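# Remarks on the overall topology
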Amino acid sequence: MRKWLVGALVIAVLVGAGIVIYLHTLPLNSPTQVADAYIRRWDAQDWGGMRALVRRPPAGFRQDHTQVMSDLQVSSLKVSGQPAVVAGKVAQASVTVTLDLKGLGSWTYQSVVHLSEQQRRWEVDWSPATIFPKLTAGERFTRHLTWATRAPIQGRDGSVLQGSTPVESIGVEPAAIADIGAVEAALQQFAGVVSATVTNAIHAPGVQPTWFLPLTTLRPDAFSAVKSKLAVPGIITEASSARLPISDGFALPVLGTTGPITAQLLGHFGPPYVTGSVVGLSGLELAYERQLAGTPSADIELVDSSGKAVGGSLDHFQGTAPKPVQITLDAATQSAAEQAFAGVTQTAALVAVDAATGEIRAVVNRPAGGFDRALDGNYPPGSTFKIVTTEALLAKGDPLSMPITCPTQTVIDGKTFKNIENEQFGNIDLQTAFVQSCNTAYVQMASTLSATQMEQAASLLGFNAPEPLGLASSGASYPAPKDIVDQDASAIGQGRVLTSPVHMASVAAAVASGAWHQPTLVSGESATATVHQLDPGVAANLRTLMGLVVTQGTGKAAAVAGDPVFGKTGTAEFGTANPPKTHAWFVGFRGGLAFAIIVEGGGVGGVVAAPIAARFLSALPGS
């Protein structure tokens, strides 16, 4: 009896399962059912499920659909439809397709799903037109992008510092070359194009003999000077335009460069950018890419197998206009700063700031390209940091006449400190110690300060605070001293204290104006930047000291005719060599313009950096 019941139950279960299987495999036997199923599977991107409902689907059915998704860069798909309209053994269902196109927006269009009945079975009669009414076999979608002219980078007065500039494009036409040696010699001598560049261009894969192969560009004045020298058969010149600064090397790498997008940037920016898009590659061009470039207008088009457009635009997406970026650089100040480095072959940097606002007026890097050491360099400040230490001493109440000694060397808690060139000045006061930049006097005076007093002075002058500039910037760091030796080392700008040229320019600016202003590079940002007011009496004493440095002390080489110059030299040890190598610093101000100069590994600040300061100030308008 039990066996019979168990058997009956097993049969019942199997029969039930069979019924379920049968129900799930029942054919869709009405056009509305088939159309609805097809549309739902299309909406779900179930290409295999769609294919099962198509009569004689092509072998490339799945690829036809995925190709559309890829070519149009579809991020999401929405398909909805109406009930099928039947006319005998044929039917059709209206479909609404909405594609979200990456970087452009949504495109909605109407299509139709056609169906027919054969042998009591309704199926989709598919063709490429089912995807889109105008699509035929062998055609593909494309996104045709049109970028507006990139907006310029403007200076503080609205003048263009970098933008679209007329140039002469210099290149070759292989078929027109009579003497390759003469072509290479002329291009090398008068356009700076090396022979290998010419050879590589001519023999690049796919190059046609009658193509114009551009190799370089020259500004109109430079081209006029060599035009006759480039009149060699095979050398071709064409009027063109290029994105350039107002003069070669001007404010690099701050302004930055543009060029074809890299794989890394393509991944960063994503659509609508594509391979070949021109983007900012560095500096402000990269940092403000989306503002300077805007967004492209786009047309959805169909193209044939050769890539030729078929018909007109299927839909248009209007881009957003590029907008200029206005920065605080002043063209005349920048030019003067660059002139100051004429003949300087060492790695160096200069930053000038408006003392009253913290706005950056000039940034020079040598070499001109590559790393922006002026804003992002991190160096021991050497004796320029004595401005900070002196602020702490004066805030504590020490007078400029406070007596101190300046031996060749002194020992603090077992650590020997020396003067850079083994100077000694005997019994002096705080004022002389600053003016003559005596290390041994300063480590003695720093020992009278608490760690908190030193940290407060550093903080007041912007150390350990973020300095957002729109570009990479290292700011300045003053780590809390571990002990008295660490504190005394930091007091003369050694130990673990590090800073950037732009920050030391801001420190000099604080003395000039009586307040430390967070440096800014983009116009308008100084209005909301951090400001720390200095004690007026302390600031006045610091101005006195920095004036004496140039008239009587280590910074005499920075003196120029006209308004007085204020400054502080620095000779900052770095590395492990014995004796150590040193960076040459000079920071200072004249009128409302403050600045900082560093020459990496340059030696003594008063000998190397101070003369650059003098050339800079002499080159300024009105000097």
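Residues numbered from 1 in each chain as written. Predicted model: local features only at pLDDT ≥ 70, side-chain atom pairs only at ≥ 80, totals over all residues. Heavy atoms only, no water.

## Digging into the overall build of the protein
Each helix and strand in the protein was counted, giving 21 helices and 26 strands. The C-alpha radius of gyration computed for the protein amounts to 36 Å, which surpasses the reference 25 Å derived for 623 residues by more than 25%, pointing to a less compact arrangement than a globule. By its C-alpha atoms, the protein is 115 × 95 × 45 Å across when sized along the principal axes. Here the protein, with 623 residues, has 48% of them falling under the buried criterion. Across the protein, the fraction of contacts at a sequence separation of at least 24, relative to all contacts at a separation of at least 6, is 65%. Across the protein, the centroid of the 40 positively charged side chains sits 10 Å from that of the 46 negatively charged ones. (Helix = DSSP H or I, 4+ residues; strand = E, 2+ residues; numbered from the N terminus. Rg over C-alpha atoms; globule rule 2.2 N^0.38 Å. Buried < 20%, exposed > 50% of the residue type's maximum accessible area, 1.4 Å probe, protein only. Contact = heavy atoms within 4.5 Å. Lys, Arg positive; Asp, Glu negative; His and termini not counted. Charge placed at Lys NZ, Arg CZ, Asp CG, Glu CD.)

## Some details on the packing of helix α6 (residues 180–191) against helix α7 (residues 195–202)
Two quantities define a packed helix pair, namely the angle between the axes and the distance from one axis to the other. At a minimum axis separation of 9 Å, α6 and α7 run at an interaxial angle of 125°. The angle between α6 and α7 places the two elements in the oblique class. Crossing hand, α6 versus α7: right-handed. Across from I180, E184, L187 and Q188 in α6, the residues of α7 making contact are S195, V198, T199 and I202. A breakdown of the residues in the contact of α6 with α7 according to their chemical character gives four nonpolar, three polar and one charged. (Axes fitted to C-alpha atoms, helices over the stretch in contact; angles between N-to-C directions. Parallel < 35°, antiparallel > 145°, perpendicular 65-115°, else oblique. Left-handed = near helix turned anticlockwise from the far one by under 90°. Nonpolar A, V, L, I, M, F, W, Y, C, P; charged D, E, K, R; others polar.)

## With respect to the state of the cysteines
By the definition in use, this model includes one disulfide. Each sulfur of the disulfide joining C406 and C438 lies 2.0 Å from the other. Because the torsion about its S-S bond is 105°, the bridge between C406 and C438 counts as right-handed. Placement of C406 in strand β18 (residues 403–406) and of C438 in the loop between α15 (430–435) and α16 (439–446) is noted, with a sequence separation of 32 residues between them. In this pair, the class of C406 matches that of C438, namely buried. (Disulfide = S-S within 2.5 Å.)

## Topic: the pattern of salt bridges
The final tally for this structure, using the stated rule, is 16 salt bridges. Residues D125 and R55 are paired through a salt bridge, measuring 3.0 Å at the closest nitrogen-oxygen approach. Separated by 70 residues along the polypeptide, D125 in the loop between β5 (121–124) and α5 (128–131) and R55 in the loop between α3 (47–51) and α4 (61–71) bring together distant segments of the chain. Judged by relative accessible area, D125 falls into the partly exposed class, the value being 30%. In this structure R55 comes out as buried when scored by relative accessible area, which is 8%. (Salt bridge = Lys/Arg side-chain N within 4 Å of Asp/Glu carboxyl O.)

## Brief notes about the packing of helix α14 (residues 386–396) against helix α20 (residues 536–551)
For the pair α14 and α20, interaxial distance at closest approach is 10 Å and the crossing angle is 135°. One way to sum up the angle between α14 and α20 is to call them oblique. Remark: the crossing between α14 and α20 carries right-handed chirality. Taken together, the residues of α20 that come into contact with α14 (itself represented by I387, T390, E391, L394 and A395) are V538, N541, L542, L545 and M546. Looking at the contact of α14 with α20 residue by residue, the class counts come to seven nonpolar, two polar and one charged.

## Observations concerning unusual backbone geometry
Residue P272 is bonded to the preceding P271 through a cis peptide linkage, with omega at 10°. In this chain, N578 is followed by P579 through a cis amide linkage whose omega measures 0°. Inspection of the secondary structure assignment puts P579 in the loop between β24 (566–574) and β25 (581–590). A positive phi angle, near 50°, is found at Q119, a position not held by glycine.

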